[in-house]
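Working through the structure, step by step
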Amino acid sequence: MVKFGIEFVPKEPYWKITFYAIQAERGGFSNLWITDHFNNRNVYVTLTTAAIYTNKITVGPGVTNPYMVNPVFTAQALVTLNELAPGRVVLGIGAGDKTTLASVGVEMRKPLSAVREAVDIFRNMARGENVAYEGKVFQIAGAKFFFKPKGEIPIYVGAQGPKMLALAGKIGDGVLINACHPDDVEYAVNCVKNGVQEIGKQFNELDVAAYTSFSVHKDLKKAMKAAVPVVAFIVAGSPSQVLERHEIDLKKAEEIREALKTNDWGGAFGAVSKEMIDAFSVCGTPIMCIERINQLLKFGISQFVVGSPIGPKVKAAIDLINEEIIPSFTK
Ligand code: F42
């Protein structure tokens with residue numbers, strides 16, 4: 001049975017996200033993912049507060065990266081969180097957002113090595129081992145906690161490119177695929193399978209999540225209006241081969257990119273088309289969203305993550321998902 005996850009961006013304060021997390025847990029969501037960018041609020045403070053006020057939902061960063069945060073610190077944060085919420089903690093890690101990293105002078109060097117090594121270091125530190133590591137990106141002479149961490153922390157790798165997806169299949173307990181359209185999810189799942197096959201692992205050992213930009217409302221127009229700003233940023237950040245795969249006019253995409261650069265929101269959002277919304281979000285009435293989720297499940301997705309904007313009003317959208325979407329997959 002598919003699990004449901006929910007993603008929040010901590011540009012919202014901790015108490016609001018905690019309130020939504022409680023609501024999501026009551027409705028049957030199994031995973032809470034909090035994004036990590038230095039220019040939002042802190043991911044671990046947000047996760048901790050949400051974990052205190054919930055009982056069952058699994059919590060984790062979705063996703064941190066090995067450049068801003070040394071994996072030794074990530075391990076320290078999550079093993080501590082795992083004492084507070086035993087058995088409910090996971091790590092989500094990816095290469096990081098190039099633009100955000102560049103804005104603080106951090107270079108994304110050798111991302112495949114960085115993620116692979118960070119996962120290794122994290123896993124061994126979280127098991128309480130003494131870690132001595134001579135990698136391409138990380139060199140650790142010897143690191144070990146002064147206390148014994150308890151329990152296992154599953155690792156999910158957030159990935160988009162073919163090589164990172166294959167690596168995620170190899171080294172992860174789960175994969176967070178940042179895609180919404182069946183064509184993109186199918187492509188990504190095949191890349192994950194390539195990685196899995198290389199090391200003789202089984203695909204179904206992994207928890208593979210479609211980490212989507214989602215917007216639901218009973219009125220389609222309202223759902224679409226809420227999706228527009230998020231889709232504008234996704235289009236602006238997408239490479240041309242991805243846009244071409246969805247037959248999106250490259251000139252329109254450039255128009256959006258330029259408008260966003262100058263904070264011309266009207267220009268940027270006004271250029272977002274129906275095709276763009278279809279390609280880069282799961283958006284519509286509850287029935288339309290159920291149909292899209294069913295299409296994605298065919299490719300072997302085991303977790304569906306509802307991400308920003310969720311809907312025009314977050315609380316009402318979570319209620320709608322709890323009442324009309326999740327039950328159609330659990331009954
Ligand atoms: N990023 C964030 O910063 N914060 C978040 O909260 C966040 C959430 C999130 C959730 C799910 C998800 O899937 C992604 C998420 N991201 C988030 C984005 C993530 O951090 C990455 O930016 C995103 O996944 C895009 O990276 P990618 O997985 O496509 O990997 C990039 C680096 C890439 O180019 N990959 C190529 C590929 O084919 O996969 C490989 C590039 C390559 O071969 N590099 C070489 C190497 O050795 O690594 C050489 C390059 C060199 O430096 O020399």
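Residues numbered from 1 in each chain as written. Predicted model: local features only at pLDDT ≥ 70, side-chain atom pairs only at ≥ 80, totals over all residues. Heavy atoms only, no water.

1. As for the site of the ligand
We count it as follows: We call a residue near a molecule or strand when any one of its heavy atoms sits within 4 Å of it. N or O atoms within 3.5 Å of each other form a polar contact, as long as, within protein, one can give a hydrogen and the other can take it, and as long as residues adjacent in sequence are counted only when both atoms are side-chain atoms. Here, Shrake-Rupley sampling with a 1.4 Å probe gives the accessible areas, and only protein chains in the shown set may cover a residue. Elements are defined by DSSP. Helices are runs of H or I of four residues or more, strands are runs of E of two residues or more, and each kind is numbered from the N terminus. Charged means Asp, Glu, Lys or Arg here, nonpolar means Ala, Val, Leu, Ile, Met, Phe, Trp, Tyr, Cys or Pro, and polar covers whatever is left, Gly included.
Around the ligand sit 23 residues in total, of which G96, K110, L112, G161 and M164 are the nearest. H37 is positioned such that a nitrogen or oxygen atom in its side chain is 3.1 Å from a nitrogen atom of the ligand. Here an oxygen atom of the ligand and a backbone polar atom of G161 are 2.7 Å apart. In isolation the ligand has 1000 Å² of accessible area, and contact with the protein removes 74% of it. When contributions to the shell around the ligand are tallied by element, the ones reaching two or more residues are α5 (111-126), β7 (155-159) and α6 (162-171). Looking at the shell around the ligand, the element that brings in the most residues is α6, giving three residues. Among the residues making up the shell around the ligand, the classes are represented as ten nonpolar, eight polar and five charged.

2. Considerations on the side chain of E7
Here is the rule we go by: Any two residues whose heavy atoms approach within 4.5 Å are treated as being in contact.
Within the secondary structure, E7 is located in strand β1 (residues 3-8). At 3.0 Å, the side chain of E7 forms a polar contact with the backbone nitrogen of S308. Once residues lying within four places of it in the same chain are set aside, the contact partners of E7 are W33, T35, Y211, V305, V306, G307, S308 and I310.

3. A closer look at the side chain of T212
Mapping T212 onto the fold places it in strand β9 (residues 207-216). A polar contact is formed between the side chain of T212 and the backbone oxygen of V305, at a distance of 2.7 Å. When neighbours within four sequence positions are excluded, T212 is seen to be in contact with A179, C180, V282, F304, V305, V306, G307 and S308.

4. Remarks on the pairing of β7
The cut-off we apply is this: Burial here depends on accessible area, computed with a 1.4 Å probe over protein chains only, as a share of the maximum for the residue type. Under 20% is buried, over 50% is exposed, and the range in between is partly exposed. We call a crossover right-handed when, viewed with both strands directed away from the observer, the connection leading from the first strand over the helix to the second proceeds clockwise.
Along β7, five of the five residues are buried, which leaves the element largely enclosed by surrounding structure. Once you follow β7 into α6 and on to strand β8 (residues 174-177), the crossover reads as right-handed.

5. Structural notes on the environment of T54
Within the fold, T54 resides in the loop between α2 (43-52) and β3 (58-61). For the pair T54 and L167, spaced 113 residues apart in sequence, the C-alpha separation works out to 32 Å. In this structure, T54 is in contact with A21, I22, E25 and R88, ignoring residues within four places of it in sequence.

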